[in-house]
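Residue-level listing of the chains:
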Amino acid sequence: MATKKSALSVARILKMKETGEKIAMVTAYDYPTARMADAAGIDMILVGDSVASVVQGRPTTLGVRLEDTIYHTEMVQRAVTRALVVADVPFPYCQLGPMEAVRACARVVKETNAGAVKIEGGVKRAETVRAVVDAGIPVLGHCGLAPQSVKAEGYRVQRDLDRLLEDATAIQDAGAFAIVLECVQRDYAAEVTQKLRVPTIGIGAGAGCDGQILVFHDVFNYADGEPEERPKHSRVYCDLHKIIDGGLREYVADVKEGRFPSDAESFGPAK
Ligand code: KIV
C-alpha cells in the first residue's frame, strides 16, 4: 500500500541549515499550482501577499484582506502532501500589536491548517513574533525590503548591515524558525546567514543564503512583464505568457473561422 508523504516539519527545515541542504521555496496561490510545486520537490510554499500584484492587479500588497489570505491558503494547503505551507499575514494585523496578530494568525491556521505564518519586519516586530510563537504558531520572519512598509520606506535594495543584523537577530531570538531576506546586498545577506542559527531564505539576496524563494508568476513570466519590467533577481524558467498568448490567439482564430469545435469535440445523436 502506498503511504502518504508527511509534510516537512519546522524542525526539518532547521536541520537543512545544519546539513547544508539548500531550501527551495516558491509562492503559490491556488490548488493546481501548489500541487505542481509540491510534486516537483519544493520544500516550502508561501501564500504570499504578493497575490496583490500578480493575481489581484493591485499596485502594492497593502490591499490584501485576511479573507484573501485564508481563501488562497486553504486551497494551497489542500493540494500539498509534503511541502510546508506558510501563510503571509497581510497588512496591518502584525502592525497592530501582539494581540491582534495572534488573533489573525490563529484564525488563519484554524481555517486553513497552514503549517506556519510569515510576519514582515525586524526589531519593531519582535514582540509580535514572540507572542505568535508562544501561541504555538511557527513564524517565518521577513527582513530587508519590507513591501508592507512601502509608504514609509519605498522599494530599495537594503545596504545597512548593522540594521539588517539587528533586525534578523531580534526576529530569530523572538522564535522565528527561518527568515526571508528580501533585496539585500549579497555579501551582507551572506554575513547575516553565517551569524544566524536559523536558515535564511533569500529573494534578491544572492547565493549565500540557506535557501531561495521566488514569486511563481515571475519564474514563469505569467504576469505578462516585458523583459525590462521583470525583477532583476528573478529568473524566467519557462515563458508561460508567450505560450498562453499563442494558444489563446489560435483558439480565437479557430472559433472565428469555424475550426472549433470538431465533431469529435461535440455530441452526435444517441446510439
Ligand atoms: O509575498 C511574497 O511573495 C513575499 C516574497 C517576496 C518573499 O513576501
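Residues numbered from 1 in each chain as written. Predicted model: local features only at pLDDT ≥ 70, side-chain atom pairs only at ≥ 80, totals over all residues. Heavy atoms only, no water.

Visitor: I would appreciate a short explanation of helix 4 (residues 66–79) in the present structure.
Guide: Think of an α-helix as 3.6 residues a turn; residues three or four steps apart then line up on the same face. Given a rise of 1.5 Å per residue, 14 residues ought to cover 20 Å, and the 20 Å separating the end C-alpha atoms of helix 4 matches this to within 8%. For helix 4, the tally of buried residues reaches 10 of 14 residues, placing the bulk of the element in the interior. Taken residue by residue, helix 4 has Leu66, Asp68, Thr69, Ile70, His72, Thr73, Met75, Val76, Gln77 and Ala79 as its buried positions. Packing partners of the buried residues in helix 4 comprise helix 2 (31–39), strand 2 (44–47), helix 3 (51–54), strand 3 (84–88) and helix 5 (98–112). (Helix = DSSP H or I, 4+ residues; strand = E, 2+ residues; numbered from the N terminus. Expected span 1.5 Å × (residues − 1). Buried < 20%, exposed > 50% of the residue type's maximum accessible area, 1.4 Å probe, protein only. Contact = heavy atoms within 4.5 Å.)

Visitor: Is there a simple way to think about the pairing of strand 3 in this case?
Guide: The side chains of a regular strand alternate between the sheet's two faces. Here strand 3 lies mainly inside the structure; five of its five residues are buried. Here strand 3 shows no split at all, with Leu84, Val86 and Asp88 on one side and Val85 and Ala87 on the other all buried. Note: strand 2 against strand 3, four bridges, orientation parallel. From the neighbouring strand, Leu46 faces strand 3, where its bridge partner is Val86. (Pairing = 2+ DSSP bridges.)

Visitor: Looking at this model, I keep getting lost on the pattern of salt bridges. Mind explaining?
Guide: Side chains that carry opposite charge are capable of pairing whenever their charged atoms lie near each other. Scanning the entire structure with this criterion turns up 17 salt bridges. Between Lys15 and Glu18 there is a salt bridge, with its nearest N and O atoms 3.2 Å apart. Within this pair, Lys15 and its partner Glu18 are both found in helix 1 (residues 10–19), separated by three residues, close to a single helical turn. According to the relative accessible area criterion, Lys15 is partly exposed, its value standing at 40%. In this structure, the salt-bridge partner of Asp173 is Arg197, at a minimum N-O distance of 3.6 Å. Within this pair, whereas Asp173 is found in helix 8 (residues 161–173), its partner Arg197 is found in the loop between helix 9 (186–195) and strand 7 (200–203), the two being separated by 24 residues in sequence. Accessibility expressed as a relative area gives 41% for Asp173, which makes it partly exposed. Residue classification places Arg197 among the exposed residues on the basis of a relative accessible area of 57%. Three or more residues are tied together by salt bridges with common partners; here these are Glu67, Arg107 and Glu111. (Salt bridge = Lys/Arg side-chain N within 4 Å of Asp/Glu carboxyl O.)

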